[in-house]
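So the chains spell out like this:
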Amino acid sequence: MPAAPTKVIALDGPSGSGKSTVARAVARELGWRYVDTGATYRAATLAVLRAGTDLSDPEGIDAVVAGAAIEVSTDPAAAAVRLAGEDVSTVVRGPEVTAAVSAVSAVPSVRTRLVALQREFAGEAGAVLEGRDIGTAVFPEAPVKVFLDASADVRAARRAGDTDAGVEVSGSASSTVAAVAADLARRDRLDSSRATSPLQAAGDAVHLDSSTMDAQQVVDVVLDLARRAGLA
Ligand code: DC
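As the structure is a prediction and not an experimental result, all values here were calculated from the model.

1. Focus: the site of the ligand
Contacts to the ligand come from 16 residues, most closely from R42, R111, D133, R187 and D191. Here a nitrogen atom of the ligand and a side-chain polar atom of T37 are 3.0 Å apart. The side chain of R187 places a nitrogen or oxygen atom 2.9 Å from an oxygen atom of the ligand. The fraction of the free accessible surface of the ligand (450 Å²) that becomes covered by protein chains is 98%. Ranked by the residues each element gives to the shell around the ligand, the list is headed by helix 2 (residues 37-51), at four residues.

Shown next as structure tokens:
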């Protein structure tokens, strides 16, 4: 009898592509876990900042991350991340962590540690993981891989309005959008050019552009792929 497919959906893509909304909705729909892998890199970065470690010292960074107790909630209705038991869900989204996360996530040994943790969080009963390297490095065996993208303008507008796919952005000052666009471009460049597991679509990923799709349309496509793969 052929082995049952790994119950994993890999959702990769850059910031503002709509991954989080879609990943949570798909996990809810399937009754599966949701794993925000970006949150693990953000919590690791917070630990490094709190330790006062130099961001150009990979060994120092790795030593801090090795000792950091990082935990993410896998409930798609209540996403949260904890560091040593403290709920740091809000602080990890702040500017200090956002500015430093690309440096910490570029350290290869940090990635090895966090990938192992992410696989543990996923468990075996079914999980939707969102990130940058799920289809290439975390779960290369995932039967459904989606690379979600959107135009740079749409992504910046979503992030500036703190919205995600499917939500109209209105009233955001254009200067805020411009600042967010510049920060996204910086992180995209760093995340795409790092040597280990750069932001990159897996060869067998389905590419979706959410610029003109609403969240539900993307969710429907992903659920359809899951059904075709025998996952749902
Ligand atoms: O998804 P996010 O914006 O919360 O991710 C924060 C950073 O973490 C992002 O700039 C790159 C890094 N990251 C990564 O390298 N690999 C992942 N699987 C997820 C995030």
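2. Quick word on the nonpolar core
Formed by 35 residues in total, the largest nonpolar core has its most connected members in V110, L129 and F139. It is helix 2 that contributes the most residues to this core, seven residues altogether. By size, the runner-up hydrophobic cluster in this structure holds 21 residues, among which are L11, V26, V218 and L231.

3. Things to note about helix 9 (residues 215-228)
Since one α-helical turn is 3.6 residues long, residues separated by three or four positions face the same way. End to end, helix 9 covers 20 Å across 14 residues, agreeing with the expected 20 Å (1.5 Å per residue, within 8%). Residues of helix 9 that are buried include every one of A215, V218, V219, V222, L223, L225 and A226, and no others. Angularly, the buried residues of helix 9 cover 155° about the axis, an arc narrow enough to put them on a single face. Buried residues belonging to helix 9 abut strand 1 (8-12), helix 1 (19-30), strand 7 (144-149) and strand 8 (206-209). A distance of 3.2 Å separates the backbone nitrogen of Q216 from a side-chain oxygen at the start of helix 9, and that oxygen is part of D214. Just downstream of helix 9, G230 is the residue with a positive phi angle, here 80°.

4. Points about the packing of helix 2 against helix 4 (residues 95-105)
Two elements in contact, helix 2 and helix 4, have axes whose closest approach is 8 Å; the angle formed by their N-to-C orientations is 100°. Relative to helix 4, the element helix 2 is oriented roughly perpendicular. Packed against helix 2, whose contacting residues are Y41, R42, A44, T45, L46, V48 and L49, the element helix 4 presents E96, V97, T98, A100, V101, V104 and S105 at the interface. Of the residues belonging to the contact of helix 2 with helix 4, the class tally is nine nonpolar, three polar and two charged.

5. A short note on the environment of P143
Summarising the element assignment, P143 is placed in the loop between helix 6 (134-138) and strand 7. Here P143 falls in the partly exposed class, since its relative accessible area comes to 35%. For the pair P143 and A205, spaced 62 residues apart in the sequence, the C-alpha separation amounts to 9.5 Å. Look past the residues within four positions of P143 in its chain and what remains in contact with it is P5, T6, V8, A229 and L231.

6. Some remarks on the sheet that holds strand 5 (residues 86-87)
Ordered in space as 3-4-5, the three strands form an open sheet in which the pairing is antiparallel. Taken across any chain shown, the strands that pair with only one partner, and hence form the sheet edges, are strand 3 (70-72) and strand 5. Here strand 3 runs beside strand 4 (residues 81-83); their pairing, made up of three bridges, is antiparallel. Bridge pairing in strand 4 links V72 to V81. Packing against the sheet, helix 2 makes contact with strand 3, strand 4 and strand 5, and its axis sits at approximately 25° to strand 4.

Cut-offs and rules
- Counting restarts for each chain: residues are numbered from 1 in the order of the written sequence.
- Whole-chain, interface and lining totals are the exception, using all residues; otherwise, since this is a predicted model, local features are given only for residues with pLDDT of at least 70 and side-chain atom pairs are given and counted only at 80 or more.
- Side-chain measures here rest on the full set of heavy atoms in the structure, leaving out hydrogens and waters.
- Nearness is defined per residue: one heavy atom within 4 Å of the molecule or strand is enough.
- As used in this structure description, the phrase polar contact means that two N or O atoms lie within 3.5 Å; if the pair is within protein, one of them must be able to donate a hydrogen and the other to accept it, and residues adjacent in sequence are counted only when both atoms belong to side chains.
- Here the open area of atoms and residues is found with the Shrake-Rupley method and a 1.4 Å probe, where only the protein chains shown may cover a residue.
- The secondary structure listing takes helices from DSSP runs of H or I that are at least 4 residues long and strands from runs of E that are at least 2 residues long, numbered from the N terminus.
- Among buried residues, those of type Ala, Val, Leu, Ile, Met, Phe, Trp, Tyr and Cys that are joined through side-chain atoms within 4.5 Å constitute a nonpolar core.
- Each residue is placed in one exposure class: buried if its accessible area under a 1.4 Å probe, protein chains only, is under 20% of its type's maximum, exposed if it is over 50%, and partly exposed if it falls in between.
- To estimate the expected span of a helix, subtract one from its residue number and multiply by 1.5 Å.
- Note that the arc is computed from the directions linking the helix axis to the C-beta atoms.
- We call two residues in contact when some of their heavy atoms are within 4.5 Å.
- In this description, a line fitted to the C-alpha atoms serves as the axis of each element, helices being fitted only across the stretch in contact, and the angle between N-to-C directions of two axes falls anywhere from 0 to 180 degrees.
- For this classification, under 35 degrees means roughly parallel, over 145 means roughly antiparallel, 65 to 115 means roughly perpendicular, and everything else is oblique.
- In the scheme used here, Gly and all other residues not listed as nonpolar or charged are polar, with Ala, Val, Leu, Ile, Met, Phe, Trp, Tyr, Cys and Pro taken as nonpolar and Asp, Glu, Lys and Arg as charged.
- Think of it this way: DSSP has to see at least two bridges between two strands before they count as a pair.

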